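Fold and geometry: a report
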Amino acid sequence: MTPNRVLPALALLALGLLWGLDLGAIQPNRIVPGTGHGLLSALGWPGAGLVTAVLVSIGALALAPLRHRYAIILVLVSLALALLPLAPELLASRHLPADAPYARSSLGAGFWCLLFLLCLMLVEAMGRLNAGRWLQLALLLFVAGSWLLLLQRDGLESLSLMREYNARPDKFSQALWTHLALAFGAVAISAVMAFALALKMIRTPGWQRPILGAVSFLQTIPSLAVFGLLIAPLSALSNAFPFLQSLGIRGIGWAPALLALIAYSLLPMVRNTFVALTEVPESLADAGRGMGMNERQLFLRLKLPLALPVMIEGVRITAIQAVGLTAVAALIGAGGFGAFIFQGLGQAAMDLVLLGALPTVALALAADALLTMLANSLRPAPLAS
Amino acid sequence: MRLWFSPLLLLTLLIGLSTAMPVLEPLFQWLQPDKQSVVYERESFLFLLQNHLTLVLVSAAVGTMLAVAGGIFATRPAGRDFLPLVNQVASIGQTFPPVAVLALAVPALGFGEAPIIVALILYGLLPILRNTLAGLEGISPAVTEAARGMGMSPLQVLVRAELPLAGRVILAGIRTSVTINIATAAIGSTIGARTLGDPVIAGLVNGNTAYVLQGAILIGLLALTTDSLFEALERAWERRFTPQFAN
Amino acid sequence: MIELKNVTRRFGKAVAVDHINLRIETGEVCVLVGSSGCGKSTTLRMINRLLPHTEGEILVDGEDITGMNPEQLRLNMGYVIQGTGLFPHWTVARNIAMVPELLKWPKERIDARVEELMTLLDLDPATHAGKYPQQLSGGQAQRVGVARALAADPNILLMDEPFGALDAITRDNLQMELLRIQKQVRKTTVFVTHDIDEALKLATRIAVMDQGRIVQHDTPENILRNPASEFVENLVGKQDRGLKLMSLRPVRQLMTAVSDAGRPDPGVESVGEDDSVRLALSVMVWQSASSVPVVNGKGEQTGVISRDRILQDGA
C-alpha cells in the first residue's frame, strides 16, 4: 500500500492558500471595495482550527497504510464540500454590521481556492477508488442538495451574490431560459443538420472535403467576429423583408446569435457523426450483409448503435461550447447569463459578473456530466476483461 | 515554399487592411450613410493588432512552457502519481467557457491586461497540457525501451525520442490554444484590454455597424492567418520528422 | 446444388475471376484453395451476391441468382468470415439469433434454437449466452460465428477463411468440430482457404484456383495423385505427397482384422480405426515397432496394422 503523494500536496497547498489569502470580505455597499478577512478573522479560532484539522487529517490519512483510507478521505472531502457554505455564513454573522442595510459579504480568493482544491481531492479520491457513475452521481446530489438547503437559510442573505440574485429573481430565471433555449436550440438544430451532412458525405465522397473544409473554416473565425459579421447582412435582410422583422429577426438579438451558434456547432457535430458512422468496421457490415440484412437494417441495427456514443460525444463538445458562446452572444443583445456578465463589467459590479459567470460555468459542467453519462450508458458492450 | 504561400498572403492582407482601412472610408460611408464617423479612429488598427498579438503570443509562450513542463513532469516516474489528476483537470478545465474564465478573472485581478493575460494563460494551457500528455503517453513503449536499451539517459530519451515523436500532437494543442485565445482576447475588450475587439464593442455600443464590421473582419483575418501558419508549421514538422520512404 | 457457368468478374480492367465453371453437389464440401489474389474469395462472394458477377450464370438449386432478391438469397446461406464479424454491441445469444430474428421467428423458437446450436458447438449456454464477443477467446468467437451461420438451418454454408486468424491448436480443434457437425447436418459447403492441409482435411472436393481460373477440380486423393499441372504439384508439395495421402486414409482400410475381440494390454500404444494411416506409422516409428494394434470406439481390439503393409500400400 503505497502512500499517496497527491492528496498531501493538495492539502498542503490548500492550507497555505487558506491561511495566506482572504476568505471573504465585508463591503459597506455594492460598489465600494470592502475589508478582507483571513481565515482566522473570518471563522474565529474554533472554525479555523476545524478547517485546518480536516485538511491535515486528509493529508495524513493519504500517507497512512490504512485499508479504507480512500473511502474515509472521500467521506471527509464530501462533507467538507457540502458544509462549505457555512464558512461565509459564519463570516457574515461575525462581522456584518447590524445597522447597515446595504452592507454585504462577499467571497474571497481563499474560499474559491479551497473549493477548487477540495474538488481536486474529490476527483483524486474517486479515481483511486475507481468510483462508478452511480457513486459519483450520489455524491454530486448530496453536495448540491446540501448547498441548496444551506442557501435557503437567512444567514447567507447578506452574501453579495444572493443580494444580486434577490434583486432580480425574474430576470435571472428569464436569463436561464434564454440561455438554455439558445444553446440547446442551436445544438438540436445543428445535430439534425450535421446528421444530414454526414449522410451526404458518406453517400457522395466528393462532398467530404468541401463540407469538412467549410465547417472547420467557420470554427476558426472567432465568435465575436462571427456575431459582428452577421449584423450587417441580417439587418439588411430584415429591412428588405418586413415580415422577418415581425418574427423578431433583426441585425441584433436572438437571430444572429442562433445562426452563429449553429455555424459553430457544425464542426464537432459533423466530424463526430461522420467519423462514427464510417469507423464501423467494413468486416462487420460485410458479415451483416452476408447474413441477409438490407442496408436499412444494417444502418439501424449495426451502424447507428455502434456510432451513437461517438455522436453523443460530439453533442457533448458542442453543448459545452454553445453554453459558453451564448454568453458572448449577450454582446449583440441575445440575453442569457452573458447579459449579467457584461452589464456587471460595465458597472464595475463584480457580484453581478459572478451572477452571470457562475451559472454559465455550472450549465457547462452540468451538460458535460449529463452527456458523458448518457454516452457511457449507451456503450452496452463491455471491453474484454 | 508553396507551404508558406497562403499564410504569407493572409498576413499581407491583414497588415495591409490594418494600415489602409481609412482608404475604404467611401465604402463604409455607403454601407452606413447615417453616421458621421464610419472608420474607427480611437486607436490605429495597427496598434490594436499589435497589442492583440502580443497578448496572445505572451500567453501562448508562457502557457506552452507551463503545460509542456507539467506534461513532462506527470509522465516521469517521479510525477506518475499526479498523472490521473492532471489528466482529469485538463479535461474538466476545458469545460469552463472561456468568457466565464475571463469574467471570473476580473473580480480577482481587476480591469486591464493583467486579468486577460492570466485568463489566457490558464485557459490556453489546458489543450496544450492535454495534447502533451496524449502525445507522450501515445508513444509506443517499445520505442522508449529500445532507446533506453541502447544506453540513452532518461534526458536523452526525452529530448531525442519522446519530444520529437510527440511534437506534432503538442503543436496541434498549441494551435487549438492559440485559436481559442485569439477569440478570447477579442472579448477581452470588454474588460479594458486594447485589442481588435475594441471597434466591435464600440460599434455595438454606438450602433455603428461599420465599426463592428472593421473589427470583425480584422479579427477573422487574424484568426485565419494564424491558423494557416500553424497548418504550414504542422506540415513542415511532418516533413522533418516523419521518414520519407524511397520508392 | 450450386452451379457456376462461365462466370467472370472484372474490377475495372483487371480480371479477378476468369470464365470459371464449377458444380457443387448438394451436401458436399467444396474447398476453393489458392494463393491470395487468385480469385477464390471473389468467387465465394459472387455466390451470395455480395459481389455481382460480370458475365456468366450462377445457379442455386437450378435457379439463376440474378433474378432473386439478394437479401432473401443470403438469408438461406450461412456466411462465416475470418475474424468472425460478430456484432460487438450484441450478446452471443443475440448474435446467433440474428437471422432467425430477421426471419421473424417467434421468440420461443429462437431461444430454443440458440440453445441447441450453442450445445452443438460445445459452448455452454448458461455461461456464454449473455457474454459479449470481446469477452470470448478467438476460438470461442469463431464457434459463435459458425453457430450464427447455421442458425436458420440454411441449405448452403459459405465460409471465407474462417479459421485463418486462429492459432494452430484452436484451428485444428475447429476443423475436427466442423467435420463432426458436417456429418450431422450435411450442408452444401463452399470453403475458401489458402492452406492446402486444411483443404485436404475438410474437402470432399477441392477446386485449385490460380489467376482467376480453376486449374483443377477433383477429390483430395486425385489432386494428390494426379496433379493437373506443375502449379498444383507445387501447391500440394511434390515430395510430401506420400505423407499427405496417408493422412487421408483411415487405418481401417489397411488393417488386418483380428477375430478375438479382447482389449490390448494396458501400456501398449494403439490406434483407432478412424485414425489416419500416417498416425499409425508415426506411432510405430516412435516405438520402433513393426506393427500396432487397432481398436474400435469401445476400446476393443479389432485388428492390427503393420509397417510393411503401410510402406507397400499406404499412399
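Rules used in this analysis
- Residues numbered from 1 in each chain as written.
- Chains lettered and ligands numbered in written order.
- Predicted model: local features only at pLDDT ≥ 70, side-chain atom pairs only at ≥ 80, totals over all residues.
- Heavy atoms only, no water.
- Buried < 20%, exposed > 50% of the residue type's maximum accessible area, 1.4 Å probe, protein only.
- Helix = DSSP H or I, 4+ residues; strand = E, 2+ residues; numbered from the N terminus.
- Contact = heavy atoms within 4.5 Å.
- Buried area = accessible area lost by both parts, 1.4 Å probe.
- Salt bridge = Lys/Arg side-chain N within 4 Å of Asp/Glu carboxyl O.
- Polar contact = N/O pair within 3.5 Å; in protein donor to acceptor, adjacent residues only side chain to side chain.
- UniProt positions renumbered as here; feature names shortened; annotations may be inferred.
- Pairing = 2+ DSSP bridges.
- Core = buried A, V, L, I, M, F, W, Y, C linked by side-chain atoms within 4.5 Å.
- Domains from an automatic or database assignment.
- Phe/Tyr/Trp six-rings, centres within 6.5 Å; stacked < 30°, edge-to-face > 60°.
- Lys NZ or Arg CZ within 6 Å of the ring centre and 35° of its normal.
- Axes fitted to C-alpha atoms, helices over the stretch in contact; angles between N-to-C directions.

Brief notes about helix H4 (residues 86–95) of chain A
For H4(A), the set of buried residues is Ala87(A), Pro88(A), Glu89(A), Leu91(A) and Ala92(A). If you follow the buried residues of H4(A), they end up packed against strand E1 (24–27), strand E2 (35–37), helix H2 (39–63), strand E3 (104–107) and helix H5 (109–129) of chain A.

Quick notes on the interface of chain A and chain C
Each side of the interface is counted separately: chain A has 21 residues, and chain C has 24 residues. Buried area between chain A and chain C, both sides added, is near 2100 Å², and the carbon and sulfur share of it is 68%. By the criterion of area lost to chain C, the three top residues of chain A are Asp286(A), Met291(A) and Arg301(A), representing 31% of everything that side buries. The interface formed by chain A and chain C holds one salt bridge in total. Residue Asp286(A) is joined to Arg45(C) by a salt bridge in which the shortest nitrogen-to-oxygen separation is 2.7 Å. In this structure, the connection of chain A to chain C is made through three residue pairs in polar contact (both at pLDDT 80 or more).

Things to note about unusual backbone geometry
Residue and element names in this part refer to chain C. Within the chain, aspartate 61 stands out as a residue other than glycine whose phi angle is a positive 50°. Examined against the element boundaries, aspartate 61 turns out to sit in the loop between strand E4 (55–60) and strand E5 (63–64). What makes aspartate 61 exposed here is its relative accessible area of 51%. Phi angles above zero are rare outside glycine, and arginine 186 is one such case at about 55°.

A word on the UniProt feature "transmembrane region" (unreviewed entry) in chain B
All names here are of chain B. Under the UniProt annotation, "transmembrane region" (unreviewed entry) lies at residues 53–75, 96–126 and 211–230. Overall, residues 96–126 shows 84% helix and 0% strand. The separation of its end C-alpha atoms is 11 Å. The span residues 211–230 is 100% helix and 0% strand, and its two end C-alpha atoms sit 29 Å from each other.

Quick look at the pattern of salt bridges
Enumeration according to the criterion identifies 38 salt bridges over all chains in this entry. Arg194(B) is paired through a salt bridge with Asp198(B); the nearest N and O atoms lie 3.1 Å apart. With relative accessibility at 33%, the residue Arg194(B) sits in the partly exposed group. The residue Arg180(C) makes a salt bridge to Glu177(C) at a minimum N-O spacing of 3.4 Å. One end of the pair is Arg180(C) and the other is Glu177(C), both in helix H8 (residues 168–185) and three residues apart, which spans about a single turn. Classification of Arg180(C) by relative accessible area gives partly exposed; the value is 36%. Its relative accessible area of 11% is what places Glu177(C) among the buried residues. Within this structure, Arg168(B), Arg175(B), Asp227(B), Glu231(B), Glu234(B), Arg235(B) and Glu238(B) form a network of salt bridges that share partners.

Focus on the arrangement of the chains
For the two pairs of chains in contact, the largest share of contacts goes to chains A and B. Nowhere do chain B and chain C come into contact; their C-alpha atoms are at least 23 Å apart.

Observations concerning the sheet that holds strand E11 (residues 256–257) of chain C
Residues and elements named next belong to chain C. The mixed open sheet is built from four strands, whose spatial order is E11-E14-E13-E12. Each of the sheet's edge strands pairs with one partner strand only, and the pair in question is E11 and strand E12 (271–272). As judged from the two bridges shared by E12 and strand E13 (residues 291–295), these two strands associate in the parallel manner. Across the sheet, glycine 272 pairs through a bridge with valine 295, a residue of E13.

Details of the interface of chain B and chain A
Listed by partner, the interface residues are 41 residues for chain B and 40 residues for chain A. Counting the surface lost from both chain B and chain A, the interface buries some 3300 Å², and carbon and sulfur atoms represent 84% of this. Counting the surface chain B buries against chain A, the share from its top three residues, Asp81(B), Leu85(B) and Thr95(B), is 17%. Across the chain B-chain A interface, the total number found is three residue pairs in polar contact (both at pLDDT 80 or more). Looking at the side of chain B that touches chain A, the elements with two or more residues in it are helix H4 (83–93), helix H5 (98–109), helix H8 (154–187), helix H9 (197–206) and helix H10 (209–241) of chain B. Of all the elements, H10(B) adds the most residues to the side of chain B that touches chain A, at 10 residues.

A few points about the nonpolar core
Within the largest apolar cluster, 139 residues are counted, with the highest numbers of intra-cluster contacts made by Leu23(A), Ile73(A), Val77(A) and Met121(A). Built from parts of two domains, this core gets at least three residues from each of domain 1 (6–164) and domain 2 (169–378) of chain A. If sequence neighbours within four positions are ignored, Val77(A) has contacts with Ile58(A), Leu118(A), Met121(A) and Leu122(A). By size, the runner-up hydrophobic cluster in this structure holds 88 residues, among which are Val280(A), Phe87(C), Leu123(C) and Met159(C).

Looking at the UniProt feature "domain: ABC transmembrane type-1" (unreviewed entry) in chain B
Within this numbering scheme, the UniProt entry marks residues 49–230 of chain B as carrying the feature "domain: ABC transmembrane type-1" (unreviewed entry). Counted over residues 49–230 of chain B, helix gives 82% and strand 0%. Its end C-alpha atoms are 19 Å apart.

Considerations on the pairing of E4(C)
A regular strand carries its side chains on alternate faces of the sheet. Residue and element names in this part refer to chain C. Relative to E4, strand E1 (residues 2–11) runs antiparallel, the two being bridged by five bridges. Considered in E4, the bridge of threonine 8 is made with glutamate 55. Pairing between E4 and E5: two bridges, direction antiparallel. In the strand pairing of E5, leucine 59 is matched with aspartate 64. The hairpin turn running from E4 into E5, its antiparallel successor, is two residues long, and aspartate 61 in that turn takes a positive phi close to 50°.

Things to note about the packing of aromatic side chains
Tallied over the entire structure, the rule returns 11 aromatic pairs over all chains. An angle of 85° between the planes, with centres 5.0 Å apart, marks the rings of Tyr165(A) and Phe172(A) as edge-to-face. Judged by its relative accessible area of 17%, Phe172(A) is buried. Among the aromatic residues, those joined into a ring-pair cluster are Tyr165(A), Phe172(A), Phe337(A) and Phe340(A). Sitting above the plane of the Phe11(C) ring, Arg9(C) keeps its charged end 4.3 Å from the centroid. For Arg109(C), the ring lying beneath its charged end belongs to Trp105(C), and the centroid distance is 3.6 Å.

Quick word on the side chain of Asp368(A)
By the secondary structure assignment, Asp368(A) is in helix H16 (residues 350–377). Asp368(A) gets classed as buried once you look at its relative accessible area, which sits at 14%. The residues contacting Asp368(A), other than those within four sequence positions of it, are Arg316(A), Ile320(A) and Thr95(B).

What to know about the sheet that holds E4(C)
Paired through their backbone hydrogen bonds, the strands of a sheet run either parallel or antiparallel. All names here are of chain C. With antiparallel pairing, four strands are arranged side by side in an open sheet as E2-E1-E4-E5. Looking along the sheet, the strands with just one partner apiece sit at the ends: strand E2 (14–24) and E5. Pairing of E1 with E2 involves seven bridges; the strand directions are antiparallel. Directly across from arginine 10, in E2, lies its bridge partner valine 15. On top of the sheet, helix H1 (residues 40–47) reaches E1, E2 and E4; it is set at about 120° to E1, its chief contact.

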